[in-house]
Amino acid sequence: MSILICFGTRPEAIKMAPVCIKLKEQGIPFKLCVTAQHREMLDQVLHFFELQPDYDLNLMQPNQSLNQLSARILENIDLVFKKEKFDLLLVHGDTTTSTIAALAAFHNGVKVGHVEAGLRTYNKQAPYPEELNRQLTGKIADYHFAPTQKAKQNLLNEAISDSTIAVTGNTVIDALFITLNKIKSGYKNKFIESVSQKVDFDKKVVLVTGHRRESFGDGFKNICNAILKIAAIDNVEIVYPVHLNPNVQKIVYQMLSNKPNIHLINPLDYPAFVWLMSKSTLIISDSGGIQEEAPSLNIPVLVTRDVTEREEGVKNGCSYLVGTNVDTIIHRAKTLLKTTSTTNQLKNPYGEGNAANKIIHFLSKSINL
Ligand code: UD1
Ligand code: UDP
């Protein structure tokens, strides 16, 4: 059985790194192809987890359109399938890379395993275009690794056969624990040192991220206006690693630059970001991965989206769906900044840190690895 793993963006790399690490530990050979849908943000992750791609398609272009990117991925990954014979492609989540790579595998008669399968909003506009990407990948896939029971139920409701689905937890929790263990044993780097010097950690740190296409325009303006008001609360430091998408950079730097307690910084590498999350009082974000990681660190997340495919965290009180309404964001932030210091550790609904093992175990039962 010859396996190809393909990913292209920061979150896919973080979430597939534990699978790559476990395959290596168990001596199961595989090849790694990166589309480099992201470049710098992908490279940060490859470096930290010591992953060397066998194929680097190097496809990112500034402010790329979805169709141009899709066409380039389809054409270039086809060359990989023509060069080498694979029996199984493993892809992750809901990105353009995962859907188009899965389609290319199908065109080449290669089976597809989908990690982080079954999350749904059933709203094609949110997250856009990720909801449809994930549904399409689910249609193409032969094996489905659902992080939660709810995700499995979504797949069963779509008439996907029970025998092809495994509930594994989310591999991001594996990545988080690998990283926290390194930090506990003294790991430091230039990003951690630079943030330590800039930020006053005696104050309450509010960590912000954002990148969703459906919030471009008014949504992002509202979020920035809310951040300005939260920064005016006594004893608060805002730290915002700004996503490299130019549509995000422009508005965030325009609206939030030159405020003494708002630190706009470049994206952090994964260990520095995990370290910073662990030192924060509150996170404001539209990120999928952060909604999953934060419960393990007991940090509440205000989710600046109207709907989320990660409902488990909202239901058990780990995260709060606040949309992009200025007043709702400020109100919830004020309440949480007052009350978070003594909250009990809630159970993380997204996993326990052993998802990669479960994926490999399921594959070795289903096919001859
Ligand atoms: C993509 C994924 C989204 C995921 C997000 C994670 C799709 C459709 N979207 O969105 O699901 O949540 O990544 O961050 O697949 N850029 C750089 N350097 C980088 C990364 C991005 O300069 O390292 C800039 C480039 O100008 C690029 C732009 O950001 O064209 C947009 O990147 P793209 O991957 O197309 O979209 P994201 O919004 O990052
Ligand atoms: N992250 C990171 N550096 C940052 C911001 C986020 O390493 O500056 C990590 C974060 O811990 C999470 C992942 O990147 O694991 C989330 O990526 P993103 O929000 O870009 O994508 P999404 O999860 O929404 O698809």
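This text follows the structure it describes.
Residues numbered from 1 in each chain as written. Chains lettered and ligands numbered in written order. Predicted model: local features only at pLDDT ≥ 70, side-chain atom pairs only at ≥ 80, totals over all residues. Heavy atoms only, no water.

1. What to know about the packing of aromatic side chains
- Applying the stated criterion to the full structure yields seven aromatic pairs.
- Measuring from ring centre to ring centre gives 4.9 Å for phenylalanine 48 and phenylalanine 49, while their planes differ by 70°; the resulting arrangement is edge-to-face.
- When its relative accessible area of 6% is taken as the criterion, phenylalanine 49 is described as buried.
- Between phenylalanine 48 and tyrosine 187, the ring centres sit 5.6 Å apart and the planes meet at 75°, which makes this aromatic pair edge-to-face. On the criterion of sequence distance, the pair formed by phenylalanine 48 in helix α2 (residues 40–48) and tyrosine 187 in the loop between α7 (171–184) and α8 (190–198) is long-range, its members being 139 residues apart.
- Note on phenylalanine 48: relative accessible area 7%, which makes it buried.
- Since its relative accessible area comes to 27%, tyrosine 187 is described here as partly exposed. (Phe/Tyr/Trp six-rings, centres within 6.5 Å; stacked < 30°, edge-to-face > 60°. Buried < 20%, exposed > 50% of the residue type's maximum accessible area, 1.4 Å probe, protein only. Helix = DSSP H or I, 4+ residues; strand = E, 2+ residues; numbered from the N terminus.)

2. Brief notes about the nonpolar core
- Core analysis: the biggest nonpolar cluster contains 61 residues, and Ile5, Phe7, Leu90, Phe145 and Tyr270 have the highest contact counts within it.
- Excluding residues within four positions of it along the chain, phenylalanine 7 makes contact with Glu12, Ala13, Met16, Leu32, Cys33, Val34, Thr35, Ala36, Leu42, Leu46, Leu51 and Thr97.
- In terms of nonpolar packing, the next biggest core, distinct from the first, is built from 29 residues, Val206, Ile223, Ile230 and Ile284 among them. (Core = buried A, V, L, I, M, F, W, Y, C linked by side-chain atoms within 4.5 Å. Contact = heavy atoms within 4.5 Å.)

3. Quick look at the site of ligand 2
- Around ligand 2, 16 residues are found, and the nearest of them are Arg10, Leu268, Ser287, Gly289 and Glu293.
- Glycine 288 is positioned with one of its backbone polar atoms (N or O) 2.8 Å from an oxygen atom of ligand 2.
- Protein contact buries 94% of the 540 Å² of open area that ligand 2 shows by itself.
- Every element with two or more residues in the shell around ligand 2 is listed here: α1 (10–25), α11 (270–278) and α12 (288–297).
- Sorting elements by how many residues they give to the shell around ligand 2 places α12 first, with four residues.
- In terms of residue class, the shell around ligand 2 is made up of nine nonpolar, four polar and three charged. (Near = heavy atom within 4 Å. Polar contact = N/O pair within 3.5 Å; in protein donor to acceptor, adjacent residues only side chain to side chain. Areas by Shrake-Rupley, 256 points an atom, 1.4 Å probe, with all protein chains shown as cover. Nonpolar A, V, L, I, M, F, W, Y, C, P; charged D, E, K, R; others polar.)

4. Let's talk about the environment of valine 19
- Structurally, valine 19 can be placed in helix α1.
- Between the C-alpha atom of valine 19 and that of asparagine 357, which follows or precedes it by 338 residues, the distance is 7.6 Å.
- If we skip the residues at most four places from it in the chain, valine 19 touches Ile5, Leu90, Thr171, Ala356, Ile359 and Ile360.

5. Some remarks on unusual backbone geometry
- A cis geometry characterises the amide bond from alanine 126 onward to proline 127, with omega recorded as -5°.
- A cis geometry characterises the amide bond from tyrosine 128 onward to proline 129, with omega recorded as 0°.
- Relative to the elements of secondary structure, proline 129 occurs in the loop between β5 (111–115) and α5 (130–140).
- Positive phi, normally seen in glycine, also occurs at asparagine 298, with a value near 65°.
- With respect to the helices and strands, asparagine 298 occurs in the loop between α12 and β12 (301–303).
- According to the relative accessible area criterion, asparagine 298 is partly exposed, its value standing at 23%.

6. Quick look at the site of ligand 1
- Neighbouring residues of ligand 1: 25 residues in total, closest Gln37, His38, Gln61, Asn63 and Glu130.
- A distance of 2.9 Å separates an oxygen atom of ligand 1 from a polar side-chain atom of histidine 243.
- For ligand 1, whose unbound accessible area comes to 750 Å², protein coverage reaches 95%.
- Across the shell around ligand 1, the residue classes break down as eight nonpolar, eleven polar and six charged.

7. Points about the side chain of threonine 137
- Take threonine 137: it is sitting in helix α5.
- For threonine 137, a relative accessible area of 0% corresponds to the buried category.
- Excluding residues within four positions of it along the chain, threonine 137 makes contact with Val91, Gly93, Ser98, Thr99, Ala102 and His114.

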